[in-house]
Every structure is written in C-alpha cells, then in structure tokens.
Amino acid sequence: MSTMTLTQDRAERAQTKRHSRLGQSTGWITLAKVFGVVALAMIYIPLLWLAVMSFAASPLSGVPFPLTLDNYRQLGGDGRWLPPLWTSVWLSGLVALVCMLIATVVGRSITRMRRPGGVILLTLLPLFVPGLTTGAALFIFLRTILELKLGIWSIFLGQLVWALPFCMLLILVIASRFDLRLLEAAEDLGASPWRRFWDIEMPILRPGIFGAGIFGFLLSFNELPRSLFLRGLETTLPIYNWAMAASQQSQVPIIFSLTTIILAVTLPVMGAFFWVLFVKLDKS
Amino acid sequence: MTSLSRSDTSAPSPRRPFAKRLLDGLSPSRLAVPVFLLSWSFLVLAPLVVIVLFSFLQVKAYRVVYVPTLDTWVSLIDSGRWMTAVRTLRIGLTMTVIELLLAFPFALWLAKGCKSKTFKSVIITLLTIPFFLDASSRIIVWRSILGTNGAINTALMSLGITDSPIDWLLYSEFAVHFGLLGTHFPTMVFPIFMSIALIDDDYIQASQDLGAGPAQTLFNIILPMALPGIVAGIVFTLVPLMAAFVEPQLLGGGFVDLLGNSVNSALQQLKYPTAAALSTVVVALLGLCLVVLILVTRKRHDMASMFMAIRR
C-alpha cells in the first residue's frame, strides 16, 4: 500500500513540482496575511470606533460629528458607575491574590505527582464549560439547593473558577521546566524544606506567579457571564456595562466614555506586560 | 501529623525556633492537592451534576419540590424551545468552521512564515489582549457601525451605491455572526499556532528536499502534526460559542434567540428548572461535539497529546 502511494506520489511530484513551489506558496502567504488582518480588524476596529464615538453627540448613530465632550461631562456628573468600578478593582485584586497562592501551592505539587493527567484535567475542567452554564449551575447549586444568600462571596467563587485554571496553566508550564535535582542538592547541603522552597524554587517560579496574578486580575476584572448570575444585589463594572448596554438606550453614551477611559489606562499596561512576557518566554 | 514528627526527629539543628520547625514539617505538597481537588470538585463538578438533576424537579412557591418530574422537559419540547438548541448548534458550528478556515493559514504563517521576531511578538500581544476586554461595550459599538443610520450605511448612501439603508446588517443572524467573528478568533489561533510552532523545521525541510510540493508537505507533514492544536482550537472556540449571549442579545435584536439568552431569561423569570434543563442541553450538545471530535481524531492522537500541546 505505502510503496504504491509512494511511487504514485513520485510521479505526481515530478509533474507538479515546479509550478506548485513557485506559484502556490506566495499566494498562500498573502491569503494568510489577509485573513489575519481581517480578523484583527474585527477585534480592534470596534475599540477604535468606541473611542471615536465617545466624543460624538449621539454615539449610536454612524457619524461621529459634531464632536463634543458631553459624554465625558455626563460621566463626571453621574456617580453611579463609581461603586461598581471600586467593587471590581478590589474584588479582582483579591481573586488575583488567591489565584497566585493556590496556583503556586497546588501547581508545584501537581508537577511532582507520578500521574498528573487526571488532576490536570479536573483543574482545567472549567475551561470546557461555557461561562453562562457555570454561572447558572453555581447559581442553582448555591441559591436554591444550599439556600444561601448570594453576594460578593459568590461572585468571588464564580470568578475564581474562571481565573484559576489559566493561572494554574501558567505555573504548570514554568514548574514543569524546574529541575528537581536542584532541590535534592539543596537538601544534601542541609537546607530545610522551607529554605529550599523560598531560596531555590521561588526565584524560578516568580515570573509565573506574577503572571498568574496579572492574568487573574484581568480575567476577573472583565468577567461577565458568571458574575451576572451570582451577583445577588452586588454590581461589578462588567455587570454595570451590560445593564446599560442591554436595557437603557439613553445610558449607552456613558459606557462609551467610561470604557474609553478604562481602555486608555489598561491597554498600554497590558501591551507592555504581554510584550515583556512573550519576549522573556522566547529568550528562556 | 506523621510527617510533622518525622521531620522533628530528622531535623538537623534542634535549636531552630519552633515556628520554623513547624513550617518545615508542614508538607504542603502532600496536603494541598487532595484538599484542592475536594473543594474544586465541590465548586465545579457538583453544580454540573446538580443542574442535570434539578431539571427533573419543580419549584413551587419559591421552594424546591423534591419529586422527580418530566414537566420541564415536556414543556421545553412543546414550546418549541428545542429550535433554539438547533439554532445555537448551527451558529456555533458555522462560526467554528469559519474561524478554523481563517485561523489555520494565519497560524501557519505566524509560526513558520513570519521571520521577524518583533512582528511575531506584536501579533501575539494583539491576540492576547482581547481575552481581557469587557464584552458588552465592544459588542454594542457594532450597532453604530452596522445600524440603518450607522457608519456603513451612511458611507454607502453618501457614495450613492444604495438609495436606502441595508437593513439586514443589524438585528439579524448576519450581525450576530459578524459580532462573534472577532471575539472568538484568538482562541482558535493560539492552540494551532503553538502546535505548528512545535513542529521541527527539519521535518518540513526534509519533506521539501525529498521533492514534496507545498500541498503535499501541508497534508502529509504539517496537518497531522498540528492536529492536536486544531482539536484544541475547535474545543476552545466551540465551548464559549455554545453559550454566547452578549452578541445575540445586543446585535440580534430579539430575532436571534440562542441557548445563552434562553438561560438568562429563564433565570430572570425565576424558572429555575427551565434554566437547568437548558444548561443541561448546552452541556449535552458540547459533550456530543467533543465525542464526535474524539472519534474523528482518535486514530492519530489521544487527548493526552492535546494537553501537551496546550501546556507548551
């Protein structure tokens, strides 16, 4: 069978060799680039347009003119977005800290297990369940079965379920490269377990732990589908944005200017962070 | 306890402070994983089991009635809600195929064609940032681009290409597809990019040296070796698509009702068993797609290698 196809291939190859190598490949690359540019445009044109239209008198019309600062003035005069923003900031900070802690302690232990497959699969399971389903399931479980009163704590749990798998992945990637013989050497030299962890493992894991913290913060800061169901009476910034976008047309201008301000702060930070992360990972 | 006493006896210096000796003895690696797995199962697995069971229960006067019944499922089928499931599956699969067709060539070029490291880092950064953006605000902007008096229609009319605005651009299935396209592109590109980047250049070089054309190299070398990444890309794109609710709600204008919106509205109307049943449908459909995917790709790769590809 294989020899037959081989000889066939060889015959075909002789015929198609020249023009397929020259002609097809360049057209292919152009096509690939066009696809990428189109998809990236679909991501970034809305962001750009959001910033432009935040200066428009009526942001939902197609024309940005006349330009005005009214939306920002309205945003300044309306303080209702401040509590959700504050809640989001400290809650995401908490999620990030807890993610860093759990991911470090559990992640480094997982890499020392003989058969980590099942544990990793269970850890990553939330990535295979849509956010809305997780939210609805946790809601029904906590609210109607356990009959608990939902609030910040349940939003926290929902966001933890979302953010932790990503943080764990990051730690696992770094921890699996760690050479365990370093620890043995330290033990032979008389270092206590705590010293071995703090002086030898920690410096190697540190970029992963910081990365986990930043991932945790960003993922939690923008989490909507789980928080939406688990909110109780609380409101985070994505829930506020969703409520404005989904129901009240007249409130839309506010989220245009609010999101523009937040993007103006977070985009450069994210850009710089990921830049450093990828360049560093590339070098190591 | 046992580990504590053992380390006490073998401690090299007995003069170390007690607190430090305690820290030495606590072996987090032995405790951490079981404790974590237990609480994680409680948070992740238990709710999923509960919603399946819950869809066979009823809620009367805000109290759960623990008597099994098929009422919820019967009413779901009678009210034609199953059409929503079919529509969700159709749109989810369509978008997954579109993303795959767009992402594969791009990922291949990014991994093997793009020579500049700086450029590569820029693109990867650009693809990472969307994971951390607020969904509602970036989707609602499309209204001002696609609407009847939006940017595209205004441009078309002022250029004299059309006399009246094109109304199917917004509040239609087209708009929903359009909105989903950008949101779900990175999840498809990343796994494919990583699996292709892992392919040793020597294989490709050898294939070319042996006289294979680009198409042969693609189908005999690159595709089989990138398959784990492709599977991962399909999974990570299909999962969120099956429960998308922001795009259909904001761009569908009530015409495109997907499972995600149905779950949302059922919970708002306090119809908990209905929401549970709809969520069960989401999970079941996803499971079905995954099983089909595994059966299709089983010949070449097991799931373990898929995770290896993600872990890189």
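It should be emphasised that the depicted structure is a prediction, and the values quoted were computed from it without experimental measurement. (Residues numbered from 1 in each chain as written. Chains lettered and ligands numbered in written order. Predicted model: local features only at pLDDT ≥ 70, side-chain atom pairs only at ≥ 80, totals over all residues.)

1. Details of the UniProt feature "transmembrane region" (unreviewed entry) in chain B
Residues and elements named next belong to chain B. Residues annotated by UniProt as "transmembrane region" (unreviewed entry) correspond here to residues 31–57, 91–111, 117–133, 140–162, 174–198, 218–246 and 275–296. Overall, residues 31–57 shows 89% helix and 0% strand. The separation of its end C-alpha atoms is 38 Å. When the span residues 174–198 is considered, its composition is 96% helix and 0% strand, and the gap between its end C-alpha atoms is 36 Å. (UniProt positions renumbered as here; feature names shortened; annotations may be inferred. Helix = DSSP H or I, 4+ residues; strand = E, 2+ residues; numbered from the N terminus.)

2. Details of the nonpolar core
Counting residues in each nonpolar core, the largest one holds 141 residues, and the members touching the most others are Cys99 and Cys167 of chain A together with Ala107 of chain B. Top element by residues in this core is helix H6 (residues 152–175) of chain A. It accounts for 15 residues. Once you skip the residues sitting within four places of it in the chain, Cys167 of chain A turns out to touch Cys99, Ala103, Ala212, Phe215 and Gly216 of chain A. (Core = buried A, V, L, I, M, F, W, Y, C linked by C-beta atoms within 7 Å. Buried ≥ 20, exposed ≤ 12 C-beta atoms within 10 Å, placed from the backbone. Contact = placed C-beta atoms within 7 Å.)

3. Here's the deal with the interface of chain B and chain A
By a widely used convention, the size of an interface equals the accessible area lost when the partners come together. Taken together, the 81 residues of chain B in the interface contact 85 residues of chain A. If one sorts the elements of the side of chain B that touches chain A by residue count, helix H3 (residues 28–54) of chain B sits on top with 15 residues. In terms of residue class, the side of chain B that touches chain A is made up of 55 nonpolar, 19 polar and seven charged. (Nonpolar A, V, L, I, M, F, W, Y, C, P; charged D, E, K, R; others polar.)

4. A look at the confidence of the model for chain A
Residues and elements named next belong to chain A. Chain-level statistics for chain A give a pLDDT mean of 82 and a share of 88% at 70 or above. Within chain A, the lowest mean pLDDT, 69, falls on helix H1 (residues 2–53), and the highest, 91, falls on helix H3 (residues 82–111). The low-confidence segment residues 1–5 (pLDDT under 50) makes zero contacts with residues lying over four places distant or belonging to another chain. Low pLDDT, under 50, characterises residues 14–24; the stretch is placed with ten contacts to residues that sit more than four places away or in other chains. (pLDDT = per-residue confidence, 0-100.)

5. Considering the confidence of the model for chain B
Residues and elements named next belong to chain B. Put simply, chain B has an average pLDDT of 80, and 85% of its residues get 70 or more. Confidence over residues 1–13 falls short of pLDDT 50; this stretch has twelve contacts with residues more than four positions distant or in other chains. Quick note on the complex model: pTM equals 0.81, ipTM equals 0.78.

6. Topic: the packing of H3 of chain A against helix H10 (residues 237–246) of chain A
Residue and element names in this part refer to chain A. Axis separation between H3 and H10 bottoms out at 7 Å; the angle between their running directions is 140°. Across the interface between the two elements, Pro84, Leu85 and Ser88 of H3 pack against Leu237, Ile239 and Tyr240 of H10. Among the residues forming the contact of H3 with H10, the class breakdown is five nonpolar, one polar and no charged. (Axes fitted to C-alpha atoms, helices over the stretch in contact; angles between N-to-C directions.)

7. So, the UniProt feature "domain: ABC transmembrane type-1" (unreviewed entry) in chain B
Here, the residues flagged by UniProt with the feature "domain: ABC transmembrane type-1" (unreviewed entry) are residues 85–296 of chain B. Across residues 85–296 of chain B one finds 78% helix and 0% strand; the C-alpha atoms that close the span lie 23 Å apart.

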